[in-house]
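# Working through the structure, step by step
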Protein chains: 2
Amino acid sequence: MNVRGLCLAILYFGDATGYEIRKQAQEGVFSYFIEASYGAIYPALGKLTEEGLVSWREEVQSGKPNKKIYTLTPAGKAAFIKDLSGEPAPDKFKSEFLLMMMCSELLEPQRVERLIDAQLAMLEEKIGEMNAAYKECTREGSRYALTCGIQSYTQAIDHLRQSRKNLVDQAGSARGDDAGPPQPLASMAKEARR
Amino acid sequence: MNVRGLCLAILYFGDATGYEIRKQAQEGVFSYFIEASYGAIYPALGKLTEEGLVSWREEVQSGKPNKKIYTLTPAGKAAFIKDLSGEPAPDKFKSEFLLMMMCSELLEPQRVERLIDAQLAMLEEKIGEMNAAYKECTREGSRYALTCGIQSYTQAIDHLRQSRKNLVDQAGSARGDDAGPPQPLASMAKEARR
DNA sequence: GCTCACATGTAATAAGTTACATGATTTC
DNA sequence: GAAATCATGTAACTTATTACATGTGAGC
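The notes below deal with the structure included here. (Residues numbered from 1 in each chain as written. Chains lettered and ligands numbered in written order. Predicted model: local features only at pLDDT ≥ 70, side-chain atom pairs only at ≥ 80, totals over all residues. Heavy atoms only, no water.)

Attention now moves to the protein's contact with DNA strand D. Neighbouring DNA strand D are 20 residues, the closest being Tyr19, Tyr42, Gln61 and Lys68 of chain A together with Ser37 of chain B. Backbone atoms, meaning sugar and phosphate, make up 68% of the atoms of DNA strand D lying within 4 Å of the protein. Within the contact set of DNA strand D, a phosphate oxygen lies 2.9 Å away from a backbone nitrogen or oxygen of Tyr19 of chain A. The contact in question runs from a phosphate oxygen of DNA strand D to an N or O atom on the side chain of Tyr42 of chain A, over 2.7 Å. Elements represented by at least two residues in the surface near DNA strand D include exactly helix H2 (18-26), helix H3 (38-50) and strand S2 (67-72) of chain A together with helix H3 (38-50) of chain B. (Near = heavy atom within 4 Å. Polar contact = N/O pair within 3.5 Å; in protein donor to acceptor, adjacent residues only side chain to side chain. Helix = DSSP H or I, 4+ residues; strand = E, 2+ residues; numbered from the N terminus.)

Here we take up the environment of Gln151 of chain A. Within the element layout of this structure, Gln151 of chain A appears in helix H7 (residues 140-170). Not counting residues within four places of it along the chain, the set of residues in contact with Gln151 of chain A comprises Gln155 and His159 of chain B. (Contact = heavy atoms within 4.5 Å.)

Moving on, we get to empty space enclosed by the protein. Per the stated rule, a full pass over the model turns up one cavity of 30 Å³ or more. The space that makes up the largest cavity amounts to roughly 570 Å³. At the level of secondary structure, the elements contributing two or more residues to the lining of the largest cavity comprise helix H5 (96-102), helix H6 (109-135) and H7 of chain A together with helix H5 (96-102), helix H6 (109-135) and helix H7 (140-170) of chain B. Residue composition of the lining of the largest cavity, by class: 22 nonpolar, 14 polar and two charged. (1 Å grid on protein atoms, 1.4 Å probe; cavity = no way out; pocket = protein on both sides within 12 Å on 5 of 7 lines; lining within 4 Å. Points joined across faces, edges and corners; volume = space filled by probe spheres on them. Nonpolar A, V, L, I, M, F, W, Y, C, P; charged D, E, K, R; others polar.)

Turning our attention to the protein's contact with DNA strand C. What surrounds DNA strand C is a group of 20 residues, the closest being Ser37 of chain A together with Tyr19, Tyr42, Gln61 and Lys68 of chain B. What you see for DNA strand C is that sugar and phosphate hold 67% of its atoms within 4 Å of the protein. Take Val3 of chain A: an N or O atom from its main chain is 3.0 Å from a phosphate oxygen of DNA strand C. In the model, a phosphate oxygen of DNA strand C is placed 2.5 Å from a nitrogen or oxygen of the Lys68 of chain B side chain. For the surface near DNA strand C, the secondary-structure elements that each account for two or more residues are H3 of chain A together with helix H2 (18-26), H3 and strand S2 (67-72) of chain B. Classifying every residue of the surface near DNA strand C gives six nonpolar, nine polar and five charged.

Turning to the relation of the copies chain B and chain A, a few remarks are in order. Between chain B and chain A, the superposition needs a rotation of 180° and an axial shift of 0.0 Å, giving an RMSD of 0.1 Å. Taken together, the rotation and translation describe the operation of a two-fold axis. Within chain B, Phe93 of chain B has its C-alpha nearest the rotation axis, a separation of 2.2 Å. The fraction of interface residues of chain B whose copies in chain A are also interface residues reaches 100%, indicating that both copies meet through the same surface. (Least-squares fit on C-alpha atoms with pLDDT ≥ 70 in both.)

On the chain A side, the residues contacting the 80 residues of chain B number 80 residues. Buried area between chain B and chain A, summed over both chains or domains, comes out near 8,100 Å², and the portion from carbon and sulfur atoms is 59%. If you sort the residues of chain B by the area they bury against chain A, Phe93, Met102 and Tyr144 of chain B come out on top, with a joint share of 10%. On inspection of chain B and its partner chain A, the count reaches four salt bridges. Here Glu87 of chain B makes a salt bridge to Arg111 of chain A, at a shortest N to O gap of 3.6 Å. The tally of links from chain B across to chain A stands at 26 residue pairs in polar contact (both at pLDDT 80 or more). Every element with two or more residues in the side of chain B that touches chain A is listed here: helix H1 (3-12), H2, S2, helix H4 (74-84), strand S3 (92-94), H5, H6 and H7 of chain B. Considering every element that reaches the side of chain B that touches chain A, the biggest residue donor is H7 of chain B, with 16 residues. The residue inventory of the side of chain B that touches chain A, partitioned by class, reads 42 nonpolar, 20 polar and 18 charged. Inspection of the sheet shows strand S3 (residues 92-94) of chain A paired to S3 of chain B by three bridges, in the antiparallel sense. Its bridge partner being in S3 of chain B, Phe93 of chain A is matched across the sheet by Phe93 of chain B. (Buried area = accessible area lost by both parts, 1.4 Å probe. Salt bridge = Lys/Arg side-chain N within 4 Å of Asp/Glu carboxyl O. Pairing = 2+ DSSP bridges.)

All we've got here are geometric facts, nothing functional implied.
The following block contains the structure:
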């Protein structure tokens, strides 16, 4: 689902400004499984307005630009339901942290320690945010999505704490120019054996 | 990390063709946290060759295009280590499935059931692949990354099995044109109250 | 006979990121 | 005095996706 669908989804749950949509995607109920930047949201909202799928009213403010509060139109709700009728794209997870852990034999042990601690802190912060969102959340779907995130991150913390020592201990073992090739990956062994 | 870094990473573990790199990213040790398509890999490999970070040799084959087996050059290894020295980009997870679950009150119960079953099947398949990769895997970093994925998906299956009934039962409750606005999300309540 | 695995690559297009531009108010 | 929050938006740029093009051999 692209930013368009994401705006539709968030607006389905209630009126919001572009700013608030981004916040939902960053800290709210959607934060576990959605991404969106201003540079994507504002243009998307403009386009949705053109298409008649959302409308907006202005709320005057002083000192900041006036708020533009967007609402899903009936056509917008219909479009959203239609979007929802397709097959979901496969889940995607990307982690540079894990890539670095895979290559930690090339990193200084101290750096590996710092990376791990930063990751643990990040995971704890996200759990905090999700717990906060969970408290006031009554819909079954939202509760399911949030507990997915909370449980997943909680487990990631446990696992990382347990692995920390091993990861740090073997770090740096392949540094230096003379360090030959690494042990090949299992699935590449065939290739390497030739 | 973009496709360039990913090619460097995979080639660090051993020589490979573009085809094999994609496979690693799709089913191998990297599959849990990396994505890459041919349309991204082949051009990246060409560019890396120009920059002198990788080199290749040809292996003649009949019936298929000759294999181009890429190797990381010393300059490439150095560049990779340098890439690794930056701060890792934050992890990213995207899931249309979870978005659909959040909106399952708009979906027919039968469809929710089908979506859940497909998701469970997908999770099981991925676990199978990762277990296979794990068996022959000795590096600490790789084992950590793989167990991350295996544990995470295993938990996701448990959680989804437990939630299945609740999700299906409440599905469809907001279908129809007359279904008023949904219960607003917690963080939007303030907005809605005005 | 059909589909999958193998194997390379290009080109058009879609999509989103980053940085910029502006500026008051609040908190540390 | 600095940084974060609120609040909008644009433009240049990067990046990757999708579909196409080509072709054999193996297994069902």
